[in-house]
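Residues per chain, in single letters:
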Amino acid sequence: MLIRIFNDKPTLGRAAAEQAANAIRRAISARGRARIIAATAASQLEFLDALTKMQDIEWNKVEAFHLDEYIGLPITHPGSFRKMLMEQLVNKTGMKRYHLLDGDAPDPSAVVREVGAELASAPIDIAFLGIGENGHIAFNDPPADFEIEDPYIIVNLDEACRQQQVGEAWFADLSQVPKQAISMSARQILKAREILAVVPDRRKAEAIKACFEGEISPMAPASVLRRHPNATVYLDTNSASLLGPEMQAALRADSQVTVR
């Protein structure tokens with residue numbers, strides 16, 4: 001796994017968007033289409049904005065899958081990830097093929113089965129991720145299940161995860177944050193040919209240190225990215241601020257470092 005560091009979020013976003021755009025173009029050139037997984041959250045704004053402005057991406061040949069969504073939250077709610085996906089990616093590109101996780105459907109388990117079958121029907125070319133303040137990827141909170149093979153799962157959200165959503169101002173208080181969500185599983189995320197994680201901000205620094213300097217563990221869910229042969233994590237100086245002296249020195253010397 002490769003870690004890259006940048007001085008600010010706009011520069012980070014543009015660099016990540018370049019890598020993402022190249023992966024999409026390669027997939028279309030090789031296979032006639034690109035299948036992507038898209039994360040949507042406050043941390044992804046600069047990246048997705050830069051990506052949607054990239055030239056020469058045939059968005060009509062891109063198929064997108066949703067990473068996660070709250071159960072019981074309508075798409076009209078400001079915190080809905082479906083709403084963010086539409087606003088930050090689909091509407092800006094004119095993409096025609098995308099799969100939303102309907103979190104307020106009468107039967108969320110049916111959504112898990114149906115969208116999961118579509119997701120598992122062919123390989124994913126690149127997955128765009130964030131990492132939560134508790135180290136989660138998608139809504140795989142600690143202790144994350146690294147073994148389940150299902151493409152999507154229904155999960156219980158821990159308090160730290162729910163409090164992050166209040167801190168990002170999507171909800172007025174903790175009581176308004178749903179307690180369950182549909183999440184792509186960790187093993188499904190790792191099946192993508194390429195993974196790109198965009199993780200700016202000081203509030204992510206403790207998770208970054210735990211996931212990339214500690215053991216690979218379900219208690220630090222994003223640490224599992226170290227098992228992937230083609231994963232890149234984009235940090236800014238704030239999210240990288242608690243990494244140890246050896247890692248900091250390597251990043252200062254080369255602006256990137258490989259982690260195993």
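Residues numbered from 1 in each chain as written. Predicted model: local features only at pLDDT ≥ 70, side-chain atom pairs only at ≥ 80, totals over all residues. Heavy atoms only, no water.

A.B. asks: I keep staring at helix α2 (residues 45–52) and nothing clicks. Help me out?
C.D. replies: Since the α-helix packs 3.6 residues into each turn, any two residues three or four apart lie on the same face. Listed in full, the buried residues belonging to α2 are Phe47, Leu48, Ala50, Leu51 and Thr52. Turning to α2, the residues buried within the fold contact α1 (9–31), α3 (81–93), β6 (126–129) and β9 (194–199). (Buried < 20%, exposed > 50% of the residue type's maximum accessible area, 1.4 Å probe, protein only. Helix = DSSP H or I, 4+ residues; strand = E, 2+ residues; numbered from the N terminus. Contact = heavy atoms within 4.5 Å.)

A.B. asks: I keep staring at α3 and nothing clicks. Help me out?
C.D. replies: The terminal C-alpha atoms of α3, which comprises 13 residues, lie 17 Å apart, in line with the 18 Å expected from a rise of 1.5 Å per residue. Where α3 bends most, at Glu87, the angle is about 35°. Looking at where α3 begins, the residue whose side-chain oxygen comes 3.2 Å from the main-chain nitrogen of Arg82 is Ser80. Downstream of α3 by one or two residues, Gly94 has phi in the positive range, about 75°. (Expected span 1.5 Å × (residues − 1). Bend = angle between axes of the 7 residues up to and from the residue. Polar contact = N/O pair within 3.5 Å; in protein donor to acceptor, adjacent residues only side chain to side chain.)

A.B. asks: Teacher, can you tell me more about the nonpolar core here?
C.D. replies: Across soluble globular proteins, you tend to see nonpolar side chains buried next to one another. Counting 47 residues, the largest nonpolar core has Ile3, Leu129, Tyr152, Phe212, Leu225 and Val233 as the members making the most contacts within it. Sequence-distant contacts of Leu225, that is, excluding residues within four places in its chain, are made with Met1, Leu129, Ile131, Ile137, Leu190, Ile195, Ala197, Ala231 and Val233. Residues Phe6, Ala20, Ala64 and Val198 belong to the second largest nonpolar core, which totals 33 residues. (Core = buried A, V, L, I, M, F, W, Y, C linked by side-chain atoms within 4.5 Å.)

A.B. asks: Sorry, what's going on with the packing of aromatic side chains here?
C.D. replies: Think of a pair of aromatic rings as described by two things: how far the centres are apart, and how the planes are tilted against each other in angle. Within the structure shown, the criterion is met by six aromatic pairs. A ring pair is formed by Tyr70 and Phe171, whose centres lie 5.6 Å apart and whose planes are at 80°; its orientation type is edge-to-face. Taken together, the positions of Tyr70 in strand β4 (residues 68–70) and Phe171 in the loop between α5 (159–167) and β8 (180–184) put the pair 101 residues apart, joining distant regions of the chain. (Phe/Tyr/Trp six-rings, centres within 6.5 Å; stacked < 30°, edge-to-face > 60°.)

All quantities given are derived from atomic positions and should not be read as evidence of function.
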